[in-house]
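Residues per chain, in single letters:
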Amino acid sequence: MCDHISIARLGPEQFEMAAGWLARPEINRWLYSEWRGRAVDEKLVAVVAMNARNALFSVNCGHQAAGLVALGELNRTDGAASVWYLLGSNRLGRRGVISEGLRLLCEVAASEFRLHTLHASVIEGNRGSVRVLEKCGFQYAGRLREAFKLDDGFADRLLYDRLIECA
Amino acid sequence: MTDIAAIVREFLLDHFRIEPGELSDSTPLFSTGLLDSFAMVELVAFAESSFKKKVRARDLTLENFDSIERIVGYFSAAP
(Lines give C-alpha, C1' and ligand atoms only; values in the text may rest on other atoms or scores of the structure.)
Protein backbone atom coordinates (compact mmCIF):
# COMPACT_ATOMS: atom_id res chain seq x y z
CA MET A 1 0.00 0.00 0.00
CA CYS A 2 1.00 3.61 -0.41
CA ASP A 3 1.14 6.08 2.45
CA HIS A 4 2.01 9.23 0.54
CA ILE A 5 0.95 9.99 -3.01
CA SER A 6 2.37 12.95 -4.89
CA ILE A 7 2.81 14.09 -8.48
CA ALA A 8 5.91 15.58 -10.12
CA ARG A 9 6.70 16.77 -13.61
CA LEU A 10 7.90 13.81 -15.65
CA GLY A 11 11.68 14.06 -16.06
CA PRO A 12 13.97 12.72 -18.81
CA GLU A 13 15.12 9.91 -16.56
CA GLN A 14 11.51 8.65 -16.48
CA PHE A 15 10.78 8.72 -20.22
CA GLU A 16 11.82 5.11 -20.77
CA MET A 17 9.68 3.91 -17.89
CA ALA A 18 6.68 5.87 -19.17
CA ALA A 19 7.18 4.51 -22.68
CA GLY A 20 7.19 1.00 -21.28
CA TRP A 21 3.85 1.61 -19.63
CA LEU A 22 2.32 3.24 -22.71
CA ALA A 23 3.42 0.34 -24.88
CA ARG A 24 1.85 -2.34 -22.71
CA PRO A 25 -1.09 -3.88 -24.60
CA GLU A 26 -3.50 -3.69 -21.66
CA ILE A 27 -2.83 0.06 -21.43
CA ASN A 28 -2.16 0.88 -25.06
CA ARG A 29 -5.53 -0.44 -26.22
CA TRP A 30 -7.38 2.34 -24.37
CA LEU A 31 -5.27 5.21 -25.69
CA TYR A 32 -5.99 7.71 -28.42
CA SER A 33 -5.40 6.45 -31.93
CA GLU A 34 -2.10 8.34 -32.20
CA TRP A 35 -0.66 6.07 -29.51
CA ARG A 36 -2.44 2.82 -30.31
CA GLY A 37 -0.69 0.10 -32.22
CA ARG A 38 2.52 2.03 -32.81
CA ALA A 39 5.97 1.77 -31.34
CA VAL A 40 6.10 3.86 -28.20
CA ASP A 41 9.62 4.63 -27.08
CA GLU A 42 11.33 7.12 -24.82
CA LYS A 43 11.87 9.55 -27.69
CA LEU A 44 8.17 9.75 -28.42
CA VAL A 45 7.51 10.42 -24.74
CA ALA A 46 10.26 13.06 -24.74
CA VAL A 47 8.71 14.83 -27.72
CA VAL A 48 5.22 14.69 -26.24
CA ALA A 49 6.61 16.08 -22.98
CA MET A 50 8.35 18.95 -24.80
CA ASN A 51 5.13 19.96 -26.54
CA ALA A 52 3.79 23.03 -24.74
CA ARG A 53 0.25 21.73 -25.20
CA ASN A 54 1.04 18.82 -22.86
CA ALA A 55 2.12 18.53 -19.26
CA LEU A 56 3.05 15.05 -18.04
CA PHE A 57 3.40 14.12 -14.38
CA SER A 58 4.47 10.96 -12.65
CA VAL A 59 2.26 9.77 -9.81
CA ASN A 60 4.52 8.74 -7.01
CA CYS A 61 3.94 6.41 -4.08
CA GLY A 62 6.60 7.61 -1.72
CA HIS A 63 9.64 7.81 -3.97
CA GLN A 64 8.46 5.25 -6.51
CA ALA A 65 6.59 6.14 -9.69
CA ALA A 66 3.33 4.23 -9.98
CA GLY A 67 1.65 5.87 -12.97
CA LEU A 68 1.07 8.95 -15.05
CA VAL A 69 -1.41 11.80 -15.06
CA ALA A 70 -1.30 14.36 -17.83
CA LEU A 71 -2.82 17.47 -19.28
CA GLY A 72 -3.24 17.57 -23.04
CA GLU A 73 -4.66 20.05 -25.55
CA LEU A 74 -3.65 22.82 -23.15
CA ASN A 75 -5.45 25.96 -24.19
CA ARG A 76 -4.49 28.89 -22.00
CA THR A 77 -6.78 31.28 -23.86
CA ASP A 78 -9.87 29.32 -22.90
CA GLY A 79 -8.39 27.94 -19.69
CA ALA A 80 -9.13 24.41 -20.85
CA ALA A 81 -7.30 21.10 -21.19
CA SER A 82 -7.95 17.41 -21.44
CA VAL A 83 -6.70 14.92 -18.87
CA TRP A 84 -5.45 11.38 -19.26
CA TYR A 85 -3.85 8.94 -16.89
CA LEU A 86 -2.63 5.42 -16.42
CA LEU A 87 -1.58 3.11 -13.63
CA GLY A 88 1.77 1.69 -14.56
CA SER A 89 2.68 -0.36 -11.52
CA ASN A 90 0.17 -2.62 -9.85
CA ARG A 91 2.74 -3.57 -7.23
CA LEU A 92 2.30 -0.24 -5.51
CA GLY A 93 -1.36 -0.72 -4.88
CA ARG A 94 -4.28 -0.16 -7.16
CA ARG A 95 -6.67 1.52 -4.80
CA GLY A 96 -6.96 5.20 -5.25
CA VAL A 97 -3.45 5.89 -6.53
CA ILE A 98 -4.49 7.35 -9.85
CA SER A 99 -7.61 8.96 -8.41
CA GLU A 100 -5.42 10.83 -5.96
CA GLY A 101 -2.96 11.63 -8.73
CA LEU A 102 -5.76 13.09 -10.82
CA ARG A 103 -7.04 15.09 -7.86
CA LEU A 104 -3.56 16.55 -7.43
CA LEU A 105 -3.39 17.25 -11.17
CA CYS A 106 -6.62 19.25 -10.90
CA GLU A 107 -4.99 21.35 -8.18
CA VAL A 108 -1.96 21.97 -10.37
CA ALA A 109 -4.19 22.75 -13.34
CA ALA A 110 -5.79 25.52 -11.31
CA SER A 111 -2.80 26.89 -9.43
CA GLU A 112 0.01 26.53 -11.98
CA PHE A 113 -1.76 26.58 -15.33
CA ARG A 114 -4.71 28.79 -14.29
CA LEU A 115 -7.17 26.52 -16.04
CA HIS A 116 -10.90 26.76 -15.65
CA THR A 117 -12.20 23.52 -17.09
CA LEU A 118 -10.92 20.01 -17.72
CA HIS A 119 -12.33 17.29 -19.89
CA ALA A 120 -11.70 13.66 -20.63
CA SER A 121 -13.00 10.95 -22.88
CA VAL A 122 -13.31 7.30 -21.99
CA ILE A 123 -14.00 4.36 -24.22
CA GLU A 124 -17.29 2.75 -23.29
CA GLY A 125 -16.50 -0.33 -21.25
CA ASN A 126 -13.49 1.10 -19.45
CA ARG A 127 -15.25 1.16 -16.11
CA GLY A 128 -12.08 1.67 -14.08
CA SER A 129 -11.36 4.89 -15.92
CA VAL A 130 -14.90 6.15 -15.40
CA ARG A 131 -14.56 5.48 -11.66
CA VAL A 132 -11.35 7.51 -11.55
CA LEU A 133 -13.04 10.47 -13.20
CA GLU A 134 -16.16 10.33 -11.05
CA LYS A 135 -14.11 10.13 -7.84
CA CYS A 136 -12.38 13.34 -8.94
CA GLY A 137 -15.60 15.22 -9.54
CA PHE A 138 -15.89 14.83 -13.30
CA GLN A 139 -19.41 14.66 -14.65
CA TYR A 140 -20.77 12.87 -17.64
CA ALA A 141 -21.13 15.37 -20.47
CA GLY A 142 -22.11 13.35 -23.49
CA ARG A 143 -21.33 10.60 -25.90
CA LEU A 144 -19.57 10.47 -29.24
CA ARG A 145 -21.10 7.57 -31.05
CA GLU A 146 -18.77 5.00 -32.59
CA ALA A 147 -15.76 7.29 -32.21
CA PHE A 148 -13.31 4.57 -31.20
CA LYS A 149 -12.13 1.90 -33.62
CA LEU A 150 -11.90 -1.61 -32.27
CA ASP A 151 -10.57 -4.67 -34.03
CA ASP A 152 -14.08 -5.88 -34.66
CA GLY A 153 -16.10 -2.67 -34.94
CA PHE A 154 -16.54 0.60 -33.11
CA ALA A 155 -17.22 1.74 -29.55
CA ASP A 156 -18.69 4.96 -28.23
CA ARG A 157 -16.48 7.55 -26.59
CA LEU A 158 -17.93 8.91 -23.33
CA LEU A 159 -17.17 12.53 -22.51
CA TYR A 160 -16.64 13.91 -19.00
CA ASP A 161 -15.83 17.35 -17.75
CA ARG A 162 -15.14 19.24 -14.58
CA LEU A 163 -15.01 22.93 -13.76
CA ILE A 164 -12.17 23.90 -11.47
CA GLU A 165 -11.60 27.00 -9.42
CA CYS A 166 -8.40 28.88 -9.91
CA ALA A 167 -6.45 29.37 -6.69
CA MET B 1 22.71 27.48 -46.01
CA THR B 2 24.50 24.40 -44.72
CA ASP B 3 23.92 20.92 -46.07
CA ILE B 4 22.13 19.94 -42.88
CA ALA B 5 19.78 22.90 -43.17
CA ALA B 6 19.04 22.14 -46.81
CA ILE B 7 18.35 18.47 -46.11
CA VAL B 8 16.07 19.21 -43.15
CA ARG B 9 14.26 21.90 -45.07
CA GLU B 10 13.64 19.61 -48.03
CA PHE B 11 12.34 16.89 -45.71
CA LEU B 12 9.95 19.30 -44.01
CA LEU B 13 8.62 20.67 -47.29
CA ASP B 14 8.17 17.27 -48.89
CA HIS B 15 7.03 15.23 -45.96
CA PHE B 16 4.72 17.60 -44.12
CA ARG B 17 3.48 19.69 -47.02
CA ILE B 18 4.68 22.93 -45.46
CA GLU B 19 4.58 25.87 -47.82
CA PRO B 20 8.08 27.18 -48.65
CA GLY B 21 7.03 30.69 -47.68
CA GLU B 22 6.10 29.48 -44.20
CA LEU B 23 9.52 28.07 -43.46
CA SER B 24 12.71 29.97 -42.74
CA ASP B 25 15.69 28.62 -40.85
CA SER B 26 14.42 30.31 -37.70
CA THR B 27 10.74 29.37 -37.99
CA PRO B 28 9.60 27.64 -34.78
CA LEU B 29 8.60 24.14 -35.78
CA PHE B 30 7.15 22.75 -32.63
CA SER B 31 6.42 25.44 -30.09
CA THR B 32 3.94 27.09 -32.43
CA GLY B 33 2.30 23.86 -33.56
CA LEU B 34 3.64 23.78 -37.13
CA LEU B 35 4.62 20.17 -36.36
CA ASP B 36 2.78 17.96 -33.90
CA SER B 37 4.48 15.45 -31.60
CA PHE B 38 4.31 12.58 -34.04
CA ALA B 39 5.65 14.64 -36.92
CA MET B 40 8.52 15.71 -34.70
CA VAL B 41 9.34 12.09 -33.95
CA GLU B 42 9.47 11.42 -37.69
CA LEU B 43 11.76 14.40 -38.18
CA VAL B 44 14.11 13.22 -35.44
CA ALA B 45 14.24 9.71 -36.91
CA PHE B 46 14.98 11.17 -40.33
CA ALA B 47 17.73 13.41 -38.95
CA GLU B 48 19.33 10.55 -37.01
CA SER B 49 19.43 8.45 -40.13
CA SER B 50 20.65 11.24 -42.40
CA PHE B 51 23.32 12.68 -40.13
CA LYS B 52 24.45 9.43 -38.46
CA LYS B 53 24.01 10.65 -34.92
CA LYS B 54 21.78 9.03 -32.33
CA VAL B 55 19.64 11.50 -30.45
CA ARG B 56 19.31 10.87 -26.75
CA ALA B 57 15.84 11.33 -25.30
CA ARG B 58 17.12 13.97 -22.91
CA ASP B 59 18.41 15.99 -25.86
CA LEU B 60 14.91 16.31 -27.29
CA THR B 61 14.33 19.87 -26.21
CA LEU B 62 13.07 23.00 -27.87
CA GLU B 63 16.59 24.41 -27.57
CA ASN B 64 17.85 21.66 -29.87
CA PHE B 65 14.94 21.01 -32.23
CA ASP B 66 12.53 23.93 -32.48
CA SER B 67 13.90 25.32 -35.76
CA ILE B 68 16.10 24.35 -38.67
CA GLU B 69 18.95 26.45 -37.35
CA ARG B 70 18.75 24.79 -33.94
CA ILE B 71 18.74 21.36 -35.56
CA VAL B 72 21.81 22.40 -37.54
CA GLY B 73 23.47 23.48 -34.30
CA TYR B 74 22.67 20.18 -32.60
CA PHE B 75 23.87 17.93 -35.39
CA SER B 76 26.91 20.09 -36.12
CA ALA B 77 28.12 19.84 -32.54
CA ALA B 78 30.54 17.12 -31.52
CA PRO B 79 28.83 13.92 -30.32
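One structure accompanies this document, and this report is about it.

## Describing the nonpolar core
- With 50 residues, the main nonpolar core has V45 of chain A together with L12, L35, M40, L43, F65 and F75 of chain B as its most contacted residues.
- Looking at this core, the elements with two or more residues in it are α1 (15-23), α3 (42-50), β3 (64-75) and β4 (80-87) of chain A together with α1 (3-16), α2 (37-51) and α4 (68-76) of chain B.
- It is α2 of chain B that contributes the most residues to this core, eight residues altogether.
- Setting aside residues up to four positions removed in sequence, V45 of chain A forms contacts with L10, F15, A18, A19, L22, V40 and L56 of chain A.
- Grouped together as the second largest cluster of nonpolar side chains are 37 residues, I5, A55, V69 and C106 of chain A included.

## Brief notes about the pattern of salt bridges
Residue and element names in this part refer to chain A.
- A full pass over the atoms with the stated rule returns eight salt bridges over all chains.
- With a closest N to O distance of 3.8 Å, R9 and E112 form a salt bridge. Of this pair, R9 sits in strand β1 (residues 5-9) while E112 sits in the loop between α4 (97-111) and β5 (117-123); the two residues are 103 residues apart in sequence, bridging distant segments of the chain.
- The class of E112 is partly exposed, set by a relative accessible area of 47%.
- Here the residues in one salt-bridge network are E100, R103 and E107, joined through shared partners.

## Quick look at the interface of chain A and chain B
- Facing the 14 residues of chain A at the interface are 13 residues of chain B.
- When the two sides are added together, the surface that chain A and chain B hide from each other amounts to roughly 1200 Å², 76% of it contributed by carbon and sulfur.
- For chain A, the biggest contributors to the area lost against chain B are K43, V47 and M50 of chain A; these three give 51% of the whole.
- Applying the counting criterion to the chain A and chain B interface returns one salt bridge.
- Across the pair E48 of chain B and K43 of chain A runs a salt bridge whose closest N-O atoms are separated by 2.4 Å.
- At the junction of chain A with chain B, the criterion picks out three residue pairs in polar contact (both at pLDDT 80 or more).
- If you tally residues by element for the side of chain A that touches chain B, the top one is α3 of chain A, at seven residues.
- Along the lines of polarity and charge, the residues of the side of chain A that touches chain B split into eight nonpolar, two polar and four charged.

## Observations regarding the environment of S37 of chain B
- You can see S37 of chain B is positioned in helix α2.
- It is 19 Å that separates the C-alpha atoms of S37 of chain B and E10 of chain B, two residues lying 27 residues apart in sequence.
- Residues within four places of S37 of chain B in sequence aside, it is in contact with V47, V48, N51 and N54 of chain A together with F30 of chain B.
- At 3.2 Å, the side chain of S37 of chain B and the side chain of N51 of chain A are in polar contact.

## Details of the sheet that holds strand β7 (residues 153-163) of chain A
All names here are of chain A.
- What the seven strands build is an open sheet, ordered β1-β2-β3-β4-β5-β7-β6; its pairing is mixed. The open sheet has two edge strands with one neighbour each: β1 and β6 (139-150). Direction aside, the axes of adjacent strands within the sheet are offset by 30° on average.
- Two strands pair when backbone bridges link them, and β6 and β7 are joined in this way by eight bridges, in the antiparallel orientation. Its bridge partner lying in β7, L150 is registered against G153.

## Digging into the environment of T2 of chain B
- By the element assignment, T2 of chain B lies in the segment before α1.
- Sequence separation of T2 of chain B and Y74 of chain B is 72 residues, and the distance between their C-alpha atoms is 13 Å.

## Re the packing of aromatic side chains
- Taken as a whole and judged by the stated rule, the model has seven aromatic pairs over all chains.
- Here Y140 of chain A and Y160 of chain A contribute two aromatic rings whose centre-to-centre distance is 5.7 Å and whose plane-to-plane angle is 75°, an arrangement assigned as edge-to-face. One end of the pair, Y140 of chain A, is in strand β6; the other, Y160 of chain A, is in strand β7, and 20 residues separate them in sequence.
- Ring plane angle 90° and centroid distance 5.1 Å describe the contact between Y74 of chain B and F75 of chain B, whose orientation is recorded as edge-to-face.
- Accessibility expressed as a relative area gives 9% for F75 of chain B, which makes it buried.
- Feature note: the residues F51, F65, Y74 and F75 of chain B constitute an aromatic cluster, connected by ring pairs.

Cut-offs and rules
Residues numbered from 1 in each chain as written. Chains lettered and ligands numbered in written order. Predicted model: local features only at pLDDT ≥ 70, side-chain atom pairs only at ≥ 80, totals over all residues. Heavy atoms only, no water. Core = buried A, V, L, I, M, F, W, Y, C linked by side-chain atoms within 4.5 Å. Buried < 20%, exposed > 50% of the residue type's maximum accessible area, 1.4 Å probe, protein only. Helix = DSSP H or I, 4+ residues; strand = E, 2+ residues; numbered from the N terminus. Contact = heavy atoms within 4.5 Å. Salt bridge = Lys/Arg side-chain N within 4 Å of Asp/Glu carboxyl O. Buried area = accessible area lost by both parts, 1.4 Å probe. Polar contact = N/O pair within 3.5 Å; in protein donor to acceptor, adjacent residues only side chain to side chain. Nonpolar A, V, L, I, M, F, W, Y, C, P; charged D, E, K, R; others polar. Pairing = 2+ DSSP bridges. Axes fitted to C-alpha atoms, helices over the stretch in contact; angles between N-to-C directions. Phe/Tyr/Trp six-rings, centres within 6.5 Å; stacked < 30°, edge-to-face > 60°.

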